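# Chains, contacts and geometry: an overview
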Amino acid sequence: MASTVACGSAAAQTSPAPASPPAAQALGPPTAGHEPSANTVGAVTIKAADPDYKSFVDRRSYGLKNDIVSSTGSIADALRNIPSVEVDVQGNVSLRGESGVKVYIDGKPAGMLQGAGRGDALLQLPASQFERVEVMTNPSAAYRADGAAGIINLVSKKAKGVGVTGSVRGAYGTDGRYNGRIAIGQNTKRLSFSASAGGRRDNAKLNPRTDREILDPTTGAMVHTRAVGQAKTTNTSWNAQANIAYQPNAKTDLSADISQLRLNYHSPSAVRYASDAASGPLAEAYNSQGRNGGLFANTAASASLVRRLGGEGHQVSLDLSRTRSRSFDDSRQTYLHSRPVVESRFLAQASDEVQHETSAKVEYQRPTKKGLLDVGFEGRFEDERVDHRGALGASAAVASPSPSLNNQFDYRQNVQSAFLTYERSVGDWTLLPGARLEAAQRRVHQLTLGTRATRDDVRLFPTLHAVYAIDDEQKLNMSFSRRIQRPEPSSLNGFRQFVTPVAYEEGNPDLAPKITDAAELGYEFKRKSTSYLATLYARRSRDAVTDVVSDLGDGVLLTRKENAGRSRNLGLELVASRRVGKSMAFNISGNASWDEIAWTLNGREEKRSGATVGGRSNLNWQIGPKDLLQLNLVARGRTLLPQGYRRPSANLNLGYRHIISPKLAAVVTVQDAFDTYREGLVIDTPALRQRTDKNMSIRAAFVSLTYTLGGGKRRSEGFDYGEAAAQ
């Protein structure tokens, strides 16, 4: 069950969020967007309600307040309902099937959503903390060029009104799941303060199965092997954040933020492996049992100064930030071999990764007679130390350190950048050209092997956005951007690491960054609560980092990172949203693309191509004045990979809300109602055919009660379809 208590004015009954000055949180001029209009009649302000969907010259924005299915879930659950966005069960995000997405919070790179633990953090961060999701498939040059697929910006809920606001919330779900959050804030004329803290516990069951057809070197025939596993993962996390904003005078805004996230996980597991080979090096069978556990911790702090120089929009700003992340993983497994018959083997492995990032940014904005000039400089400095330790033996009591399991790795990268954008209106056109220059220096040191690798480059990233207003309800959108995807530090570690007795993995210190050119042409129609959107897009990438699987012999496979890929994508995305009658609204989106991947290995070029189709739909039905029903269906199509493809999947989510009294509401949510969410991977090469089914169950149900206290009129619990509403 869940309970919520909120104190303060009716306008302030959402959880407080960082109260940074508007200039610090804004993502750009909203000149091309659909903003609510407001008219004041006496002491009553009547304005158009905040619509679920807004569009701007460089991004699309989707509201979360009507998504009751995600109200008790994580922000990953909410993102799965957003057009163009996909999130897998590990928290990996993609846009239109393309990985390499950077996640921001309130217009700034989110430290807790970067690095090795970003997927876990996304799965634990509560969706109720955020008000909107902004999707930028072609970001402007004002943003870092990192992220070949684009940027997702999470907009926090804002504390409203003057005085003290606060809320307490809790929820309980199936299989011991629960989450809760407490928040408090205070606004005065010059000072704003907010703080919040929350915790969450989730469980997930995983029953993976991998079937392989591998070439037997002794007979020349294909041999079938299989590995069947079972695991249950329990994640427990808590996060806290605080913000203070101060306006010493009419021209100056100061703000500071601090946040912390800590995640602990525990996962007992068991695996059965067997080969059909009767003899030879592939004739192997074993059972393993053990556990994995660890933690991810992130602490981030930032400070901002905004100085207005006279005239609306004329200002200079300074942003400083520091982030520290630690990811620790501990695994202990015992292997019992039945073929060949050998003594049992105990394996202990631990990985400790510590990462720091420091950044400073200065930005100058100046309105002109016909537009807005935006110029800035940014520097960021990253370092990471990785320490892998391991021990082998017949049992835990006699296990000793093994040189094949121990290695240390250092990574450093500095990126300096300068950018310029200029937005202006020319008749019915809104234009936003821009350019960003980035100089990067990368240093890699594999301490155990005694090897070093360096890479320096300077690159220019042009961008262009254009909007043509056909009339008040229709417009055309055009955009182009060049983006970069720099390799993750773990992908640069050239030490060959043990995974299982039949699998190793290895990084590549000489990896080059992936470069992507993307272009879009879109048509949009919007009338009150009805909108239609069609976008034709094309992408071309080179030097893509991909996993290449090779046979080391004796049935052992090596997965190595390589710049083996080039790709081309051509796709069409359709989105429709409208109200049907007085009580029903729907949103449906679909994406169809043709993809081609080409790669070169050992001097030979290979190509794969194919079509991918996917989509999602949301239905909101107000059954009566007090009852709301929500259905959400997500379908993911087959995704092409250099050596195979990811299999399609689909799932259905349900939500129901009943108003018990003006201050009390009950909510029931069911995630993946029919337990149909699956992830599968197929590798198909002349030497190896492999199929992996993860079979991870994410089905969960939550029951909650929300009780609200506060003066004034209580905010409506009904769905907001973008119609005019008195506030």
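Basis of the calculations
- Residues numbered from 1 in each chain as written.
- Predicted model: local features only at pLDDT ≥ 70, side-chain atom pairs only at ≥ 80, totals over all residues.
- Heavy atoms only, no water.
- Pairing = 2+ DSSP bridges.
- Helix = DSSP H or I, 4+ residues; strand = E, 2+ residues; numbered from the N terminus.
- Core = buried A, V, L, I, M, F, W, Y, C linked by side-chain atoms within 4.5 Å.
- Buried < 20%, exposed > 50% of the residue type's maximum accessible area, 1.4 Å probe, protein only.
- Contact = heavy atoms within 4.5 Å.
- 1 Å grid on protein atoms, 1.4 Å probe; cavity = no way out; pocket = protein on both sides within 12 Å on 5 of 7 lines; lining within 4 Å.
- Points joined across faces, edges and corners; volume = space filled by probe spheres on them.

## What to know about the pairing of strand 23 (residues 407–426)
Examined bridge by bridge, strand 21 (residues 371–393) and strand 23 share 18 bridges and lie antiparallel to one another. Among the inter-strand pairings, His388 is bridged to a residue of strand 23, identified as Asn407. In this structure, strand 23 lies alongside strand 24 (residues 429–446), joined through 16 bridges in antiparallel fashion. Note on strand 24: the bridge partner recorded for Gln413 is Arg442.

## Re the nonpolar core
Counting residues in hydrophobic clusters, the biggest one holds 34 residues, and the most contacted among them are Ile75, Leu79, Val85, Leu113, Ile152 and Leu154. Going through the elements one at a time, helix 2 (75–79), strand 6 (85–87), strand 7 (93–95), strand 8 (101–105), helix 3 (118–124), strand 10 (130–136), strand 11 (150–156) and strand 17 (252–275) are the ones with two or more residues in this core. Take this core: its biggest share by element is four residues, from helix 2. Residue contacts for Ile152: discarding those within four places in its chain leaves Leu79, Val85, Val93, Leu95, Val101, Lys102, Val103, Tyr104, Val133 and Glu134. In this structure, Ile214, Val223, Ala277 and Ile683 belong to the second largest nonpolar core, which totals nine residues.

## Remarks on the sheet that holds strand 11
Ordered in space as 4-5-10-11-8-9, the six strands form an open sheet in which the pairing is mixed. Both edges of this open sheet fall to strand 4 (53–55) and strand 9 (108–109), since each of them pairs with a single strand only. In this sheet, strand 9 lies alongside strand 8 in antiparallel orientation, the contact comprising two bridges. Opposite Ile105, over in strand 9, you have Lys108 as the bridge partner.

## Topic: empty space enclosed by the protein
Inspection of every chain in the model, using the stated rule, returns 10 cavities of 30 Å³ or more. Counted as a void, the second largest cavity has a volume near 240 Å³. What lines the second largest cavity is a set of 24 residues, among which Asp58, Arg59, Arg60, Thr137 and Glu520 lie closest to the centre. Of all the secondary structure elements, the ones that give two or more residues to the lining of the second largest cavity are strand 4, strand 5 (60–63), strand 10, strand 25 (451–469), strand 26 (474–485) and strand 29 (514–527).

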